[in-house]
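# Coordinate inspection notes
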Amino acid sequence: MLTQSQLAKYMDHTLLKANATEDMIDKVVAEAIKYNTASVCINPYWIPRVHAALAGTDIATCTVIGFPLGANTTETKVFETNDAIDKGADEIDMVINIGELKAGHDDVVLADITAVAEATHAKGKLLKVIIETALLTDDEKIRASKLTVQGGADFVKTSTGFSTAGATAPDVKLMREAVGPDFGVKAAGGIHNLADAYAMIEAGATRLGVSASVAILEEAARQ
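Please read all numbers here as calculations on a predicted model, not as lab measurements.

## A word on the UniProt feature "active site" (unreviewed entry) in the protein
With numbering matched to this structure, UniProt assigns "active site" (unreviewed entry) to Asp93, Lys157 and Lys186. For the residues just named, distributed over 94 residues, the greatest C-alpha separation is only 10.0 Å, placing them together at one site. Within the annotated group, the residues that form the lining of the largest pocket are Lys157 and Lys186. Structurally, the position occupied by Lys157 is in strand β6 (residues 155-157). The exposure class assigned to Lys157 is buried, which follows from its relative accessible area of 3%. Once residues within four sequence positions are removed from consideration, Lys157 is found in contact with Asp93, Val129, Ile130, Ile131, Glu132, Met175, Lys186 and Ala188. A polar contact is formed between the side chain of Lys157 and the side chain of Asp93, at a distance of 2.9 Å.

## What to know about the environment of Met175
Relative to the helices and strands, Met175 is located in helix α8 (residues 169-179). Spatially, the C-alpha atoms of Met175 and Ala89 are 26 Å apart, while their sequence positions differ by 86 residues. The contacts of Met175, once residues within four sequence positions are left out, are Ile131, Thr133, Ser145, Val156, Lys157, Thr158 and Val185.

## A few points about the packing of helix α7 (residues 138-150) against α8
Relative placement of two packed helices is described by the angle separating their axes and the distance separating the axes. Interhelical geometry of α7 versus α8 gives an angle of 45 degrees and a closest axis separation of 9 Å. One way to sum up the angle between α7 and α8 is to call them oblique. The handedness of the crossing between α7 and α8 comes out as right-handed. Contacts between α7 and α8 involve Asp138, Lys141, Ile142, Ser145, Lys146 and Val149 from the first element and Asp171, Leu174, Met175, Ala178 and Val179 from the second. Here the residues of the contact of α7 with α8 are counted per class, giving six nonpolar, one polar and four charged.

## Overview of the layout of surface pockets
Computed from the structure, the largest pocket encloses a volume of approximately 340 Å³. Looking at the largest pocket, it is lined by 18 residues, and the ones nearest its centre are Thr14, Thr160, Gly161, Gly189 and Ser211. If you list the elements that add at least two residues to the lining of the largest pocket, you get β1 (11-15), β7 (184-188) and β8 (207-210). When grouped by side-chain class, the residues that make up the lining of the largest pocket number six nonpolar, nine polar and three charged. Approximately 160 Å³ is the volume found for the second largest pocket. What lines the second largest pocket is His13, Thr14, Leu15, Lys17, Met24, Lys27, Val28, Glu31, Ser211 and Val214. It is helix α2 (residues 22-35) that contributes the most residues to the lining of the second largest pocket, four residues altogether.

## Some words on the sheet that holds β6
The strand order around the closed barrel built from eight strands is β1-β2-β3-β4-β5-β6-β7-β8, with neighbouring strands paired in parallel fashion. Geometrically, the sheet is characterised by an average inter-axis angle of 25 degrees between neighbouring strands, direction not taken into account. For strand β4 (residues 91-95) and strand β5 (residues 126-130), the ladder comprises five bridges, and the chain directions are parallel. Its bridge partner lying in β5, Asp93 is registered against Lys128. Lying on the sheet, helix α6 (residues 106-122) is in contact with β4 and β5; it crosses β5 at an angle near 155 degrees.

Conventions and cut-offs
- Counting restarts for each chain, with residues numbered from 1 along the sequence as it is written.
- Predicted model: local features are reported for residues with pLDDT of at least 70 only, side-chain atom pairs are reported and counted for 80 or more only, and whole-chain, interface and lining totals are derived from all residues.
- Note that water and hydrogens are dropped before the side-chain values are worked out from all heavy atoms of the structure.
- UniProt positions are given in the numbering used here, feature names are shortened, and annotations may be inferred rather than shown by experiment.
- Any residue with an atom within 4 Å of a point lines the site, the site being either a cavity, points on a 1 Å grid over the protein atoms alone where a 1.4 Å probe fits but cannot get out, or a pocket, an open set with protein on both sides within 12 Å along at least 5 of 7 lines.
- In DSSP terms, a helix is any run of H or I states spanning at least four residues, a strand is any run of E spanning at least two, and both are numbered starting from the N terminus.
- To sort residues, take the accessible area from a 1.4 Å probe on protein chains only and compare it with the maximum for the residue type: under 20% means buried, over 50% means exposed, and anything in between is partly exposed.
- Residues are treated as being in contact if the distance between any of their heavy atoms lies within 4.5 Å.
- Any N or O atom pair separated by 3.5 Å or less is treated as a polar contact, with the protein-specific requirement of one donor-capable and one acceptor-capable atom, and with residues adjacent in sequence counted only for side-chain atom pairs.
- Throughout, an axis means a line fitted to C-alpha atoms (over the contacting stretch in the case of helices), and angles, computed between N-to-C directions, take values from 0 to 180 degrees.
- Note on terminology: angles under 35 degrees are roughly parallel, angles over 145 are roughly antiparallel, angles of 65 to 115 are roughly perpendicular, and the others are oblique.
- Put simply, a crossing is left-handed when the front helix is turned counterclockwise from the back one by less than a right angle, and right-handed when it is turned clockwise.
- The classification used treats Ala, Val, Leu, Ile, Met, Phe, Trp, Tyr, Cys and Pro as nonpolar, Asp, Glu, Lys and Arg as charged, and all other residues, Gly among them, as polar.
- Grid points are joined across faces, edges and corners, and a volume is the space filled by probe spheres set on the points.
- Strands pair, by our definition, only if DSSP identifies at least two bridges between them.

This is how it looks when you write it as structure tokens:
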């Protein structure tokens, strides 16, 4: 069992809803600071506000790129990435071009990931790549995970949380096997309680994208 503080450092405390207001964003930041999570993950508009509020902490400002569909042009994703980092983002979670992966155009998917990885790393930041497992076959999940490594990213991530389903432990296990023992794996979407969180970690996740962070961490404290 992990302590509450150890578990908190697995968590990207997340608010990506379209109707998020500044009060809702401020609440998420305050919760992240209280529990000392790994990051706060928000849409790009909120980066300056969150980055300023997290000053003096070791909590990262995380944002999403090409979100939630992944079908933006690579040039747009690179622009979004540079803009996000310039405004204070520390971590970038980009969505792959899912349709091109499913069509077997791995070279296109790889080029997309590589371009964003180069932009992210040029500014010393971290890249997670969302493959949207709910829309993929097992073979496609493996291919997408390996392309993520090949493209120079830092993490492969299961889901946006905006598709037909979120993370599952079998998918996390499959992704972990595909990328090897040392690469980052982020499970996101549908992690609602402590049992869910532990299932993902046991399957190989090294980061969790969660909006239910407070409930999960309070449950951890009670145990």
